[in-house]
Amino acid sequence: PQVSRSWSVPSSACRAIKHELKQLGPKQCDAKVDELIDVLKVKRNELDLAQYRNMTWEQARSMDPELIQFGSHTVNHCILTVVPERTARFEIMDSKRNIETELGQPVKHFCYPNGNFNDSIVSLVRDVAYQTACTTIQGKNVGEFDPYRLQRMWGLDGTADSVFQAMLSEAR
């Protein structure tokens, strides 16, 4: 069917598509996205990809390393629990190596893409010599905790500064 430019997909359908795409490896995901673009008759030059551009290496190098630390998040943002171990190891190692080479500073922290991890992935991250890894699990890291399964505090867009400060105070 022909799809007009004003056609929109319900957000629940977008979430479902996004979830399914995240279960694929990088090449399979790219192929599926290409297929969707063809089926929906979207012209590639109509896609506003500029808003999703990453920071450039030049921009990253211009930041004060005493104030900003860069962590790693894989090379291709693949979901590590669904790719072969060899691919996961490459993604974890090369993202660290690439950032260290480009910025000339050590990368100590990792964040699991989409929050997906398991014991095998945690072991790979530890073996590559990261000091910490962040999950998407909401919570506090108090007492004895695993530095490779760090929980996080969620701040919502539009959260008042006073509410955010109170959340931080409670986290101590």
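(A) Main features of the overall build of the protein. Regarding its fold elements, the protein presents 6 helices and 3 strands. Taken from N to C terminus, the helices and strands of the protein fall in the order α-α-α-α-β-α-β-β-α. The proportion of buried residues among the 172 residues of the protein is 24%. Considering only intrachain contacts with a sequence separation of at least 6, the fraction spanning at least 24 residues in the protein is 46%. By element, 52% of the accessible surface of the protein is carried by carbon and sulfur atoms, the whole surface being about 12,300 Å².

(B) Molecular detail of the sheet that holds strand β2 (residues 132-138). If you walk across this open sheet you meet the 3 strands as β1-β2-β3, and the pairing is parallel. With partners counted over all chains shown, the strands left at the sheet margins are β1 (109-111) and β3 (150-152), one partner each. On average, adjacent strands in this sheet sit at an angle of 40° to one another, irrespective of strand direction. Pairing of β1 with β2, which is carried by 3 bridges, proceeds in the parallel orientation. Bridge pairing links H109 to T132 in β2.

(C) Seen up close, the pairing of β2. This β-α-β element, β1 to helix α5 (residues 119-127) to β2, shows right-handed connectivity. Across 2 bridges, the pairing between β2 and β3 is parallel. Each bridged residue has a counterpart across the sheet, and for Q138 the counterpart in β3 is R152.

(D) Local environment of helix α2 (residues 26-39). Look at α2: 20 Å from first C-alpha to last across 14 residues, which is about the 20 Å you get at 1.5 Å a residue. Among the residues trailing α2, K41 stands out with phi positive, at a value near 60°.

(E) Region of interest: the packing of aromatic side chains. Per the counting criterion, the structure on display carries 3 aromatic pairs. When the ring of Y112 is compared with that of F117, the centres are 4.9 Å apart and the planes differ by 25°; the resulting orientation is stacked. Cation over ring: K96 sits above Y130, and NZ or CZ is 5.6 Å from the ring centre.

(F) The nonpolar core, seen in detail. With 19 residues, the main nonpolar core has I92, F110, Y112, I121, V125 and Y130 as its most contacted residues. At the level of elements, α4 (85-103) and α5 are the ones that each hand at least two residues to this core.

Calculation criteria
Residues numbered from 1 in each chain as written. Predicted model: local features only at pLDDT ≥ 70, side-chain atom pairs only at ≥ 80, totals over all residues. Heavy atoms only, no water. Helix = DSSP H or I, 4+ residues; strand = E, 2+ residues; numbered from the N terminus. Buried < 20%, exposed > 50% of the residue type's maximum accessible area, 1.4 Å probe, protein only. Contact = heavy atoms within 4.5 Å. Areas by Shrake-Rupley, 256 points an atom, 1.4 Å probe, with all protein chains shown as cover. Pairing = 2+ DSSP bridges. Axes fitted to C-alpha atoms, helices over the stretch in contact; angles between N-to-C directions. Right-handed = clockwise from strand over helix to strand, strands pointing away. Expected span 1.5 Å × (residues − 1). Phe/Tyr/Trp six-rings, centres within 6.5 Å; stacked < 30°, edge-to-face > 60°. Lys NZ or Arg CZ within 6 Å of the ring centre and 35° of its normal. Core = buried A, V, L, I, M, F, W, Y, C linked by side-chain atoms within 4.5 Å.

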